[in-house]
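Structural description and commentary
Okay, here's what each chain looks like letter by letter:
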Amino acid sequence: MKFDTPATTNPIDRMRVVGQPADRIDGRFKTTGTAPYAYERHDVAPDIAYGYVLGAAIGKGRIAAMDLDAARRAPGVLAIVTAENAGPLDKGQRNAAKLLAGPEVDHYHQAVALVVAESFEEARHAASLIEPRYETAKGLFDLAAQRSAAVKPESEGGKEPDSTIGDFAAAFGAAPVRLDETYTTPDQAHAMMEPHASIAAWNGDELTVWTSNQMIAWGAGDLATTLGMPKEKVRLVSPYIGGGFGGKLFLRADALLAALGARAAKRAVKVALTRPLMFNNTTHRPATIQRIRIGAGRDGRIAAIGHEAWSGNLPDGRPENAADQTRMLYAGAHREIRTRLARLDLPEGNAMRAPGEAPGMMALEIAMDEMAEKLGLDPVEFRIRNDTQVDPEKPERRFSERQLVRCLQMGAERFGWSARNPKPASVRDGRWLVGLGMAAGFRDSPTMTSGARVRLGRDGVVTVETDMTDIGTGSYTIIAQTAAEMLGLPLGMVAVSLGDSSFPISAGSGGQWGANSSTAGVYAACVKLREAVAQKLGVNSADAVFEDGEVRSGNRAIALAEAARDGEITVEDKIEFGDLSKRFQQSTFAGHFVEVGIDAATAEVRVRRMLAVCAAGRILNPKTARSQVIGAMTMGVGAALMEELAVDKRRGFFANHDLATYEVPVHADIPHQEVVFLDEADPTSSPMKAKGCGELGLCGVGAAIANAIHNATGIRVRDYPITLDKLI
Ligand code: MOS
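Residues numbered from 1 in each chain as written. Predicted model: local features only at pLDDT ≥ 70, side-chain atom pairs only at ≥ 80, totals over all residues.

Per an unreviewed UniProt entry, the protein goes by Oxidoreductase and derives from Aureimonas endophytica.

Rendered as structure tokens:
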């Protein structure tokens, strides 16, 4: 089904099942330990052997020699895989560095060997006996030092890294009120609960990998490319995933090395990246340096807005597009966007939840707070005054839906914003300095082609199969809700199977496109199934109503299951998106409001209240959507106050590579969180009229906290995370 004209009325609009706060179908399995994760699939092969990954101990250089003798003789060892004996390996299309190093080492903890043994302990012990001899080369590990050498990256997906509208320099120079500040955000880790893990088994020249991956078709394709084998011979299975946040968008070392280990050992092999390996072996969110300039008239209207963002990556890596949202979030006739990429030899930087906007909004929304202060304007009012309903870079292009102003107004009202004292450091509650802060939230809402297969069984159960993944987001549930709505069934009459490359290719879980795109693909397949059912029953599909397990047409009412009486009906389709996303700017918006308390003596920061008001299209399931947003707000607290990969700039690695030293928020750090969704449906986004909210919930939260800290203390911190040493 091609979606190229705005949606009109369709069966989803009934909202009998879609839009209801159904519990997560997989929730019980996940919370009772009965959802098997990749590493736990003991059932898939007999005698599964264990692989242990040895990571490089240098940040840059080469392996001069690697003595495997002692490891080979160690008890239980079945095989050792290195670049020397692995055979030819290509590099996955989406990997900036090879997943198995040798002889060159591109980054610290890049895998140099996999030891396969009868037990995990034997594999780990044998790996400790391998003695690689490295020749260390000088690497580049310091973004600030490389900033002046950064270059303009290549354009990507038709989008230029830079843009200039009007005469920025002149307008900025002439503006009566100006801000020119630089903000920094650190490298961050996804730190999902389930580590990267895979079990691989060969059957002749066919490979099956049970893994933990957000994007099944990308993963299967890159695994085939890397191994130099036909894609049809690779099967990836990933039905349950314990978090991803972008860290599992791509093929990683666990899957490739499990495949190589299984080939070498002639046994099924399981590989999990240990927690201390994950931080340097896999990807992370790159650090940024961001310079923001805003010039405004005394009337509070922005005349000039400029955002320059620097980040670094390996030679084949891409920039963190932290300036992008500034192209379109606020009005202003004169604009300048610059994206610069420096060469760094740190581990690969790549997508982490809301890549671009998450760190970009952390900077932009402090800058907006600072400007409001300079102008003597309330920060909510300053943002409202600079709202735009068109893309400021292409004024002929409107936002399909843009309710930012409503989010801000409703948020201010619900949060009691009018009680805020705009004078910093003036509110005290016992030993706590109290402050309120806010920020706008913004995140794009892309769409992706997405396919599904649906089957009506003789028992009347509808089964949906798609390679869509559920990374803890609720995909199972919203997909079941979609099929149930389309076929007039209760939720319990729909079965959903996900995350298998033998199913039709879906949008996958990424870029907050998953919910809208994957359910739209299921919608398309269900339209086809309705037609097949109507034909079978001899009713007119155009006026047939699917309701209460029946197909009603004219004065006839036939049980849906009747259509499958002589045999189940299976159909497949996909949703393909035309140019609506080019004709309309499809984005999601939020207002984030935060209250903090800061201990007057120790400078300890406690977040006391949080509110997000979100405009994100039709909300397919308010319970799972709320869970996405409160999770994202929690991640925003981490980004504001604690998360930071500490770079060892001499030796080139992240020094805090475990969860004891890479701090993320725990329950005790998180206060009451309130989430409100505006009633919205975007007919240009898909037949579902939905968008994403899982990344929106993060964008802006960090700045709202930084702004609240400023309101509480008068201290303006522009360098994240805002640890207490920066407040004393
Ligand atoms: Mo997302 S960072 O595309 O999982």
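1. Here we look at the overall build of the protein
A tally of regular secondary structure across the protein gives 16 helices and 33 strands. Nonlocal contacts in the protein, meaning residues at least 24 apart in sequence, comprise 81% of its contacts between residues at least 6 apart. (Helix = DSSP H or I, 4+ residues; strand = E, 2+ residues; numbered from the N terminus. Contact = placed C-beta atoms within 7 Å.)

2. Thoughts on the nonpolar core
Val115, Val116, Leu257, Ala259, Ala483, Cys614 and Ile705 are the most contacted members of the largest nonpolar core, which has 232 residues in total. Beyond its immediate stretch of four places on either side in the chain, Val115 contacts Gly51, Tyr52, Leu54, Ala71, Val77, Ile80, Ala123, Ala126 and Ala127. (Core = buried A, V, L, I, M, F, W, Y, C linked by C-beta atoms within 7 Å. Buried ≥ 20, exposed ≤ 12 C-beta atoms within 10 Å, placed from the backbone.)

3. A word on the pairing of strand β26 (residues 556-559)
Both strand β25 (residues 550-553) and β26 contribute to a ladder of 4 bridges, which runs antiparallel. The residue of β26 that forms the bridge with Ser553 is Arg556. Connecting the antiparallel pair β25 and β26 is a turn made up of 2 residues, with Gly554 showing a positive phi of about 55°. (Pairing = 2+ DSSP bridges.)

4. Thoughts on the pairing of strand β27 (residues 569-577)
Pairing of strand β1 (residues 2-3) with β27 involves 2 bridges; the strand directions are parallel. Bridge pairing links Phe3 to Phe577 in β27. Examined bridge by bridge, strand β21 (residues 450-456) and β27 share 7 bridges and lie antiparallel to one another. Its bridge partner being in β27, Gly451 is matched across the sheet by Lys574.

5. Quick word on the domain arrangement of the protein
You can read the domains of the protein as domain 1 (2-35 + 447-574), domain 2 (38-138 + 193-281) and domain 3 (393-445 + 586-728). Contacts between the two partners involve 27 residues from domain 1 and, on the opposite side, 25 residues from domain 3. Of all the secondary structure elements, the ones that give two or more residues to the side of domain 1 that touches domain 3 are α12 (475-487) and α13 (514-537). It is α13 that provides the largest number of residues to the side of domain 1 that touches domain 3, a total of 7 residues. Among the residues making up the side of domain 1 that touches domain 3, the classes are represented as 12 nonpolar, 13 polar and 2 charged. (Domains from an automatic or database assignment. Nonpolar A, V, L, I, M, F, W, Y, C, P; charged D, E, K, R; others polar.)

6. Digging into the sheet that holds strand β2 (residues 49-55)
The strands that make up a sheet pair up through hydrogen bonds in the backbone, lying either parallel or antiparallel. Across the sheet, 7 strands lie side by side as β4-β6-β2-β13-β10-β11-β12; this open sheet has mixed pairing. Bordering the open sheet on either side are β4 (77-81) and β12 (234-237), each of which pairs with just one other strand. Each neighbouring strand pair of the sheet contributes to a mean axis angle of 20°, computed without reference to strand direction. Most of the contacts of helix α7 (residues 253-265) go to strand β10 (residues 197-203), to which it runs at about 35°, and overall it touches β2, β4, β6 (111-117), β10, β11 (206-211) and β13 (269-272). (Axes fitted to C-alpha atoms, helices over the stretch in contact; angles between N-to-C directions.)

7. With respect to the sheet that holds strand β18 (residues 394-399)
Within the open sheet, the 3 strands sit side by side as β17-β18-β28. Their pairing is mixed. Every interior strand has two partners, whereas the edge strands, β17 (390-391) and β28 (584-585), have only one. Direction of pairing for β17 relative to β18: antiparallel, over a ladder of 2 bridges. Bridging from a neighbouring strand, Asp391 pairs with Lys394 of β18.

8. Here's the deal with the environment of Ser509
Residue placement: Ser509 occurs in the loop between β23 (494-497) and α13. Assessed through the 30 C-beta atoms surrounding it within 10 Å, Ser509 is described here as buried. Each C-alpha atom, one on Ser509 and one on Arg420, is 39 Å from the other, the two residues being 89 residues apart in sequence. Once you skip the residues sitting within four places of it in the chain, Ser509 turns out to touch Gln214, Gly244, Thr469, Ile471, Thr473, Ser475 and Gly514.

9. Things to note about the UniProt feature "domain: Aldehyde oxidase/xanthine dehydrogenase a/b hammerhead" (unreviewed entry) in the protein
Here, the residues flagged by UniProt with the feature "domain: Aldehyde oxidase/xanthine dehydrogenase a/b hammerhead" (unreviewed entry) are residues 32-138. Helix and strand shares over residues 32-138 are 14% and 32% respectively, and the end C-alpha atoms of the span are 49 Å apart. (UniProt positions renumbered as here; feature names shortened; annotations may be inferred.)

10. Things to note about helix α3 (residues 120-129)
Buried residues of α3: Glu122, Ala123, Ala126 and Ala127, and no others. With its buried residues spanning 135° around the axis, α3 presents them on a single face. Summarising the contacts, the buried residues of α3 are in contact with β2, α2 (69-73), β4 and β6. (Arc of directions from axis to C-beta.)

11. A closer look at unusual backbone geometry
Leaving glycine out, the prevailing phi sign among residues is negative, and the prevailing peptide bond configuration is trans. A cis geometry characterises the amide bond from Gly102 onward to Pro103, with omega recorded as -10°. Not every positive phi belongs to a glycine, and Ala354 is a case in point at roughly 55°. Mapping Ala354 onto the fold places it in the loop between β16 (334-343) and α9 (357-375).

12. Remarks on the environment of Val462
Looking at the element boundaries, Val462 is found in strand β22 (residues 462-465). In this structure Val462 comes out as buried when scored by C-beta crowding, with 24 C-beta atoms within 10 Å. Note: C-alpha distance between Val462 and Ser155 (307 residues apart in sequence) is 44 Å.

13. Focus on the packing of helix α15 (residues 622-641) against helix α16 (residues 701-713)
Between α15 and α16, the shortest axis-to-axis distance is 8 Å and the interhelical angle comes to 55°. The orientation of α15 with respect to α16, classified from their angle, is oblique. In this structure, α15 crosses over α16, and the sense of that crossing is right-handed. Facing Met633, Gly636, Val637, Ala639, Ala640 and Leu641 of α15, the residues of α16 in contact are Val701, Gly702, Ile705 and Ala706. (Parallel < 35°, antiparallel > 145°, perpendicular 65-115°, else oblique. Left-handed = near helix turned anticlockwise from the far one by under 90°.)

14. What about α9?
Relative to the 27 Å expected for 19 residues at 1.5 Å per residue, α9 spans 25 Å between its end C-alpha atoms, a close match to the ideal helical length. Most of α9 sits out of view: 16 of its 19 residues are buried. (Expected span 1.5 Å × (residues − 1).)

15. Looking at the packing of α12 against α13
It is the contact of α12 with α13, at a shortest axis distance of 9 Å, that shows an interaxial angle of 30°. Here α12 lies roughly parallel to α13, going by the angle between them. Regarding α12 and α13, the two cross each other, and that crossing is right-handed. Between α12 and α13, the contacting residues are Ser475, Ile478, Ile479, Thr482, Ala483, Met486 and Leu487 on the first element and Gly514, Ala515, Ser518, Thr519, Val522, Tyr523, Cys526, Leu529 and Arg530 on the second.

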